[in-house]
Amino acid sequence: MIAKFSADFPWRSLLPGVVALAVSAVVLGHAQAGGRHYFPPVDDPLVVEECGSCHLAFAPSMLPAASWARMMADLKNHFGDDASLDPAVAAKIAAYLTDRAGDRGGQRHGEKLLRGVATAAPDGGAPLRITELPRWVREHRKVPDWEWRHRDVRTRANCTACHVDAAKGYYDD
Ligand code: HEC
Ligand code: HEC
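Below is a summary of the structure that appears in this document.

The rules behind these values
- Residues numbered from 1 in each chain as written.
- Chains lettered and ligands numbered in written order.
- Predicted model: local features only at pLDDT ≥ 70, side-chain atom pairs only at ≥ 80, totals over all residues.
- Heavy atoms only, no water.
- Donors = N, O, S within 2.8 Å, 3.2 Å for Na, K, Ca; no water.
- Tetrahedral: all angles 85-135°; square planar, octahedral: opposite > 155°, others 65-115°.
- Helix = DSSP H or I, 4+ residues; strand = E, 2+ residues; numbered from the N terminus.
- Buried < 20%, exposed > 50% of the residue type's maximum accessible area, 1.4 Å probe, protein only.
- Salt bridge = Lys/Arg side-chain N within 4 Å of Asp/Glu carboxyl O.

1. Details of the coordination of the iron atom of ligand 1
Bound to the iron atom of ligand 1 on the protein side are His55 (NE2) and His78 (NE2), at distances that span 2.0 Å. Because the angles between the six donor atoms bound to the iron atom of ligand 1 fall within 87 to 179 degrees, the donor set is best described as octahedral. With His55 in the loop between α5 (45–51) and α6 (65–72) and His78 in the loop between α6 and α7 (87–99), this pair connects stretches of sequence that are 23 residues apart. Under the relative-accessibility criterion, His55 is labelled partly exposed at 30%. On the basis of relative accessibility, which here comes to 15%, the residue His78 falls in the buried class.

2. Overview of the coordination of the iron atom of ligand 2
Of the protein atoms, only His140 (NE2) and His163 (NE2) coordinate the iron atom of ligand 2, at distances of 1.9 to 2.0 Å. Considering all six donor atoms around the iron atom of ligand 2, angles at the metal cover 87 to 179 degrees and the coordination shape is octahedral. Of this pair, His140 sits in the loop between α9 (134–139) and α10 (145–149) while His163 sits in the segment after α10; the two residues are 23 residues apart in sequence, bridging distant segments of the chain. Each member of the pair, His140 as well as His163, carries the same accessibility label: buried.

3. What to know about the pattern of salt bridges
The final tally for this structure, using the stated rule, is five salt bridges. Here Asp82 makes a salt bridge to Lys76, at a shortest N to O gap of 3.5 Å.

Here it is in structure tokens:
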């Protein structure tokens with residue numbers, strides 16, 4: 001995927017022309033207009049390994065603690081996939097994510113992203129998708145349909161297709 005490419009290869013210094021041709025660069029053009037949005041990335045190798053193999057290991061501050069608890073309680077039915085883990089491992093990861101959740105204080109951008117989101121009991125309908133949070137939807141309103149469908153993007157959950165530094169916690173480019 002694009003993120004892997006950019007991580008392994010100094011695209012920016014060597015091939016600015018080629019990058020400019022990539023569709024993701026069209027999107028980057030918009031994304032660079034914003035300020036510095038920092039969501040501390042996952043820094044625990046266990047969580048990166050278990051939650052970063054199918055998609056980016058999403059930043060814990062992007063969901064409330066109740067959402068992580070709800071998600072971790074049913075990994076067998078994880079968005080159509082079976083992401084089950086050994087219960088002890090799942091408990092460790094759940095603790096990591098909930099401790100750093102967006103509603104646990106000190107997460108400036110996380111708190112903003114979660115504004116207006118109900119953060120009730122784990123089984124009380126806490127949101128499971130970052131991409132369905134009202135503020136996320138609003139921030140991405142201007143992204144046209146063809147960009148979502150592009151073969152390098154495919155799904156809204158593929159943050160790194162457009163935010164090349166997402167794994168480092170930055171979402172403004
Ligand atoms: C076996 C593959 C797999 C593993 C492992 C996995 N996931 Fe997922 N995850 C998915 C799929 C598939 C989706 C849905 C993606 C989409 O909508 O395109 C998803 C979606 C998500 C979303 C919602 C993204 C959105 O749309 O906002 C979150 C949050 C999430 N996963 C967290 C986790 C966490 C936490 C772990 C580790 C405990 C994990 N995932 C492990 C496959 C996986
Ligand atoms: C198809 C490309 C695309 C995908 C995929 C995508 N984004 Fe974005 N994102 C954008 C664009 C474009 C903006 C608008 C930036 C702006 O207006 O400055 C944006 C804005 C944001 C912002 C606000 C930053 C700012 O500077 O305003 C955040 C946070 C964000 N995205 C997070 C995510 C997350 C998390 C994911 C994956 C779950 C994701 N995005 C997936 C294109 C994308």
